[in-house]
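A look at the structure
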Amino acid sequence: METIIKKEAKTDYKLVSHIENRWSPRTFSDIPISSNDIKILLEAGRWAASSFNLQPWMIFWGTKGSKAYDMLFDCMNDFNQSWAKSAPLLVATAYNTKKPDGKDNFHALHDLGLFMGNMGIQAQSMGIGLHHMAGFDFEKAKRNLQLPDEYHVATMVALGFYGGTMDNLNDELKEQELNLNRERKPIAEFAFNGAYVDRAQLDT
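These lines cover the structure that appears in this document, whether it is placed above or below. (Residues numbered from 1 in each chain as written. Predicted model: local features only at pLDDT ≥ 70, side-chain atom pairs only at ≥ 80, totals over all residues. Heavy atoms only, no water.)

Bringing the overall build of the protein into the picture now. For the protein, the count of helices and strands is seven helices and four strands. Secondary structure elements of the protein, listed N to C terminal, follow the sequence α-α-β-α-α-β-α-β-α-β-α. Relative to its length of 204 residues, the protein is compact, with a C-alpha radius of gyration of 18 Å against a globular reference of 17 Å. C-alpha atoms of the protein, sized along the principal axes, occupy 55 × 45 × 30 Å. Per-residue burial for the protein yields a buried fraction of 40% across its 204 residues. Restricting to contacts in the protein with at least 6 residues of sequence separation, those with at least 24 account for 72%. Looking at the protein as shown, the accessible area adds up to about 12200 Å², and 53% of this sits on carbon and sulfur atoms. (Helix = DSSP H or I, 4+ residues; strand = E, 2+ residues; numbered from the N terminus. Rg over C-alpha atoms; globule rule 2.2 N^0.38 Å. Buried < 20%, exposed > 50% of the residue type's maximum accessible area, 1.4 Å probe, protein only. Contact = heavy atoms within 4.5 Å. Areas by Shrake-Rupley, 256 points an atom, 1.4 Å probe, with all protein chains shown as cover.)

Looking now at the pairing of strand β3 (residues 128-133). Among the six residues of β3, five are classified as buried, and the element is accordingly described as predominantly covered. Strand direction decides the pairing type here: β3 and strand β4 (residues 151-161), joined by six bridges, are antiparallel. From the neighbouring strand, H131 faces β4, where its bridge partner is A158. (Pairing = 2+ DSSP bridges.)

A word on a nonpolar patch on the surface. Taken together, the side chains of L15, V16, I19 and I121 make up a nonpolar region of the molecular surface, amounting to roughly 310 Å² of accessible area. By the element assignment, I121 lies in helix α5 (residues 108-125). Judged by its relative accessible area of 32%, I121 falls in the partly exposed class. (Patch = residues over 30% accessible without salt bridge, like charges linked within 9 Å, V, L, I, M, F, W, Y side chains within 5 Å. Salt bridge = Lys/Arg side-chain N within 4 Å of Asp/Glu carboxyl O.)

Turning next to the environment of L109. Relative to the assigned elements, L109 resides in helix α5. Separated by 68 residues in sequence, L109 and L41 have C-alpha atoms that sit 19 Å apart. The residues contacting L109, other than those within four sequence positions of it, are Y95 and A154.

Put into C-alpha cells, the structure is as follows:
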C-alpha cells in the first residue's frame, strides 16, 4: 500500500513551505519523472550563483529502465542500492576542481551545493523528494562517467515523487521513514555576531 508521509519542520521562524516541508525520503512513488520535469529541475539548478559565474557543476541522470540508470545504480554501495532501487530517477553530481587558468577552484563544491539547493527547492514545489548519497564508489563513478581528471564526483541523488511502499526497507529504515520529528541545531550554535572567539549570538 502506498503511503505519502508529510514531515514539517518545527521552525523557530516562519519560512516558505517548500523549505519547511522538504525532507529526504527513502521510498518513492512509481510515477515516472517526465523528461520535461527533469528539464525544469536542471533549469532551476542552472540559475544558481557561482564564483566568477564559472558554473563548475556537471550533472548526469538516468531514468529507471535505462542504461544510464543502471550505470549509476551500479556505483552505489549495497545499503543505498537496497532502498534507492525504488527511485524513478538517479542523478550523479560532479564539479570541475580547476579554474580556466588551471588554478584550484576552492569554491566549486560550494557552487555545486547551490545548484542542488536550487534543484531541491524546485523539486519540493513539484512534489518530488530528493535523497543525497555519499555511499558509492567515487572512482568507479568517475570511470563510468568518463570524466576528465580535473572533475570530482560529489554525490549520488535518488529522486521521485513522494509516496511508494516501504517493502524494500528494513525495520530500522521503516522507523526512520515514519518518524515525523525533524531536528536541526539551534541558530545560536552556529551563527555569531562577530568573531568566533567572542561567541556573540544573533540576538545580542
